[in-house]
Amino acid sequence: MRRRERSVVAFLALTLSLAVISCGGGGGPAFENCGNGSLDAGEECDDGNLVDQDACLGTCERNVCGDTFLNVGVEECDDTAFGEASCATLGFAGGTLACTASCTFDTSGCTGSDGQSTPTPSAQGTPSPGSVSPTPSTASPVATSTPSSGTICRAGDQLVAKASVDKPYGGISLRLGYPPAANVPGSGSNAQSVKDRVVFAQPGGLTAVNDQDESGDGVDDTLFVSSVGSSDNAAGLYVTVTFDCVAGQAPPSSSAFTCTVVSASTSGGVSIPDEHCALTVTGP
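This text gives an overview of the structure that appears in the document. (Residues numbered from 1 in each chain as written. Predicted model: local features only at pLDDT ≥ 70, side-chain atom pairs only at ≥ 80, totals over all residues. Heavy atoms only, no water.)

**Comments concerning the state of the cysteines**
Simply put, the disulfide is a covalent bond whose two ends are the sulfur atoms of two cysteines. On inspection of all chains with the given rule, the structure shows 7 disulfides. For Cys87, the disulfide goes to Cys110, at an S-S distance of 2.0 Å. Across the S-S bond of Cys87 and Cys110 the torsion is about -75°, and the bridge reads as left-handed. Placement of Cys87 in the loop between α1 (3-23) and β1 (94-95) and of Cys110 in strand β4 (residues 110-111) is noted, with a sequence separation of 23 residues between them. By the burial criterion, Cys87 is buried, and Cys110 matches it. The disulfide partner of Cys259 is Cys277, and the gap between their sulfur atoms is 2.1 Å. Negative torsions about the S-S bond denote left-handed disulfides, and the value of about -130° found for Cys259 with Cys277 makes this one left-handed. Separated by 18 residues along the polypeptide, Cys259 in strand β13 (residues 258-265) and Cys277 in strand β14 (residues 277-282) bring together distant segments of the chain. (Disulfide = S-S within 2.5 Å. Helix = DSSP H or I, 4+ residues; strand = E, 2+ residues; numbered from the N terminus. Buried < 20%, exposed > 50% of the residue type's maximum accessible area, 1.4 Å probe, protein only.)

Below is the structure:
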């Protein structure tokens, strides 16, 4: 190779390496003080770490839908980033999981199950308090309104659960656990029949719902609800969920439901570690 040709190749290689280094997002912080917890000049956010899986990337840029970085607890997926999710983990026999433009799961390529049916528990009487999973330390169920234990649910009876949070938020994800006597039609990630039962108090932004079985008994018992917006929302009512009260069973008390904050952050990407939620439940 002639000297001139070698010089051109070397110049192109150097230019490419400088371009890669300057991009950030997996190649190291884009700003000198990124990760110090303070918002410095040029930074969109700084949550005190260089993790790419929360609301603020390791480049001190906001983690938004479409940037290929998964914002755990807010986004279900982002382009080709799915975390541990797959068709199999979502209850399908196989296939290829995809991601929508709004960063929610697209299961149209999954096979073996439609993932839309929630088995309805048979009437077994009032569930024992011992059958309810212990509430995590961040859960704050509030029994302010308890359905009468002297009645039995009939077909068409419903329970209304309202979850509130105690601090302003930009993005938040809640885990709502519910007992066998309560049921949401449908199952899985963003099933329309599930979304029809979930009403977010603050309109706008991206939202996601996922109804699933965490106990392994084949009956859904946990509802995950998440949202993220471009501005902070005030503390207070976050979401309202309407459950069916299973016919033949006694209406469950508010204490049989749990509410846990999985993750929360400001619209600027700053993590809120001490956000709490509380539930009120009314019924027949």
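Moving on, there is more to tell.
**Digging into the pairing of strand β5 (residues 158-165)**
Residues Leu159, Ala161, Ala163 and Val165 of β5 are buried on one face, while the alternating residues Gln158, Val160, Lys162 and Ser164, pointing to the opposite face, are not. Sheet analysis places β5 next to strand β12 (residues 236-245), joined by 8 bridges and oriented antiparallel. Bridging from a neighbouring strand, Gln158 pairs with Asp244 of β12. Where β5 meets β14, 6 bridges bridge the pair, whose relative direction is antiparallel. Along β14, the bridge assignment pairs Ala163 with Leu279. (Pairing = 2+ DSSP bridges.)

Spatial relationships are all this shows, so hold off on functional conclusions.
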